[in-house]
Amino acid sequence: MWNAILINPIFNFLIALYRLTGNLGISIILFTIIAKAILIPVTLPSIKMAKKQRDIQPELEKINQKFKYDKKKQAELQMELFKKHGINPGAGCITTIITFVLMIAIYRALVKLTMATDLVALNADIYFDAFKFSQGESLATKFLYLDLVKPDPYLIITVLTVAAQFIATKMISPYSKTSTKAVKHTKSQTDDIAQAMQKQNQYIMPLMFFIFGITLPSGVMLYILVSTLFQIAQTYHFSGLGGLKGWLKKTESNKKS
């Protein structure tokens, strides 16, 4: 059912683009942009909700500081603040799950094509005869310096993906001057558990994609890179720089000093 409902339709769409362009790299880029554009109505509510949460971050921090020894009162005031700004902390869960499931399906469809050792065996899952592979046919997998069915030999796509993932993760994380100043009062600057977890996430995801980039076909990494760049543009358009704003300000101040 998983294959019939999600993976095979996505796989056939990718095959159709490949037949249209004759180049796997261009097909993956077009496929990624179209897929991300279709998913905008699904991802947009989460982006807007995340922006609202970032906007009220200074107020949340004031509550946390003022009632840090009264967790019950802290929770009550937080819920009142959420209600006031129309924020439902659990509202984005379903959206996140749907997006995650679709992304897995897209990833599996790409892997299915780029890691295939016998193209003719794929014909059983291709809907239209005109798109099916003939005996002895090979994929046009050359794109720039890459062979898209093999890992990137120079890890350039991998490094770009890691950098893009860091920026994307930074943008969706909350930023406020209050939290930054509060954390500076401690030696480790990680006494705020939430902020410490956010910092960890900023490095965990990029690290994971670096590991993926060493072993996965570069075609899959090309998809992840284009998808992440689309996410950055989408997040910037609808909610601005987010947590990246603080990092940029810090970088600028370091240059001046």
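Everything quoted here is computed from the prediction, not taken from an experiment. (Residues numbered from 1 in each chain as written. Predicted model: local features only at pLDDT ≥ 70, side-chain atom pairs only at ≥ 80, totals over all residues. Heavy atoms only, no water.)

Mind showing me how you'd approach the overall build of the protein here?
Counting its secondary structure elements, the protein contains 11 helices and 2 strands. When the helices and strands of the protein are placed in sequence order, the string is α-α-α-α-α-α-β-β-α-α-α-α-α. Residues counted as buried form 40% of the 257 residues belonging to the protein. Excluding contacts between residues fewer than 6 apart, the proportion of contacts in the protein whose partners are at least 24 apart in sequence is 76%. Element-wise, carbon and sulfur atoms account for 65% of the exposed surface of the protein, whose accessible area totals about 15000 Å². (Helix = DSSP H or I, 4+ residues; strand = E, 2+ residues; numbered from the N terminus. Buried < 20%, exposed > 50% of the residue type's maximum accessible area, 1.4 Å probe, protein only. Contact = heavy atoms within 4.5 Å. Areas by Shrake-Rupley, 256 points an atom, 1.4 Å probe, with all protein chains shown as cover.)

Explain the pattern of salt bridges here, please?
When the charged atoms of two side chains with opposite charge come close together, those side chains can pair. Per the stated rule, a full pass over the model turns up 4 salt bridges. In this structure, the salt-bridge partner of D125 is K112, at a minimum N-O distance of 2.7 Å. Of this pair, D125 sits in the loop between α6 (92–114) and β1 (142–143) while K112 sits in helix α6, and the two are 13 residues apart along the sequence. On the accessibility criterion, K112 (21% relative accessible area) is partly exposed. Residue K150 is joined to D147 by a salt bridge in which the shortest nitrogen-to-oxygen separation is 3.9 Å. (Salt bridge = Lys/Arg side-chain N within 4 Å of Asp/Glu carboxyl O.)

Before we go on, may I ask you to explain the packing of aromatic side chains in this structure?
Any aromatic ring pair is given by two values, namely how distant the centres are and how the planes are angled relative to each other. Scanning the model with the defined rule gives 4 aromatic pairs in all. Residues Y145 and Y154 carry aromatic rings whose centres are separated by 5.7 Å and whose planes lie at 45° to one another, so their mutual orientation is tilted. Relative accessible area serves as the criterion here: at 33%, Y145 is assigned to the partly exposed category. In this structure, K112 packs its charged tip against the face of F11, placed 4.7 Å from the ring centre. (Phe/Tyr/Trp six-rings, centres within 6.5 Å; stacked < 30°, edge-to-face > 60°. Lys NZ or Arg CZ within 6 Å of the ring centre and 35° of its normal.)

Please explain the packing of helix α4 (residues 57–66) against helix α5 (residues 71–84) as it appears in this structure.
Think of two packed helices as two axes; the pair is described by the angle between the axes and how far apart they sit. Where α4 meets α5, the closest approach of the two axes is 9 Å, and the angle between their N-to-C directions is 165°. Between α4 and α5, the angle is such that the two are roughly antiparallel. Classified by chirality, the crossing of α5 by α4 is right-handed. For the pair α4 and α5, contact is made by E59, L60, I63 and N64 and by Q74, L77, Q78, L81 and F82, respectively. Across the contact of α4 with α5, the residue classes break down as 5 nonpolar, 3 polar and 1 charged. (Axes fitted to C-alpha atoms, helices over the stretch in contact; angles between N-to-C directions. Parallel < 35°, antiparallel > 145°, perpendicular 65-115°, else oblique. Left-handed = near helix turned anticlockwise from the far one by under 90°. Nonpolar A, V, L, I, M, F, W, Y, C, P; charged D, E, K, R; others polar.)

Please explain the nonpolar core as it appears in this structure.
One broad rule of soluble globular proteins: the nonpolar side chains tend to lie buried together. Counting 43 residues, the largest nonpolar core has I28, I106, L113 and F133 as the members making the most contacts within it. Within the residue set of this core, elements represented by two or more residues are α1 (2–21), α2 (24–38), α6, α7 (156–172) and α10 (218–239). If sequence neighbours within four positions are ignored, I28 has contacts with L14, L110, L148, G219, L222 and Y223. One finds M49, L60, I63 and I87 within the second-largest nonpolar core, a separate group that totals 8 residues. (Core = buried A, V, L, I, M, F, W, Y, C linked by side-chain atoms within 4.5 Å.)

Is there a simple way to think about the side chain of S227 in this case?
Note on placement: S227 falls in helix α10. When sequence neighbours within four positions are dropped, the list of residues in contact with S227 reads T32 and K36.

Even after reading the chapter, I still don't get α2, so can you show me in this structure?
Helical periodicity: at 3.6 residues per turn, an α-helix aligns residues three or four positions apart in one direction. A rise of 1.5 Å per residue sets the reference length of α2, with its 15 residues, at 21 Å; its end C-alpha atoms lie 21 Å apart and thus fit the reference within 8%. Among the residues making up α2, those that are buried are L24, G25, S27, I28, F31, T32, A35 and K36. Seen along its axis, α2 keeps its buried residues to an arc of 155°; they face one direction. With a side-chain oxygen lying 2.9 Å from the backbone nitrogen of G25, the N-terminal cap of α2 falls on N23. (Expected span 1.5 Å × (residues − 1). Arc of directions from axis to C-beta. Polar contact = N/O pair within 3.5 Å; in protein donor to acceptor, adjacent residues only side chain to side chain.)

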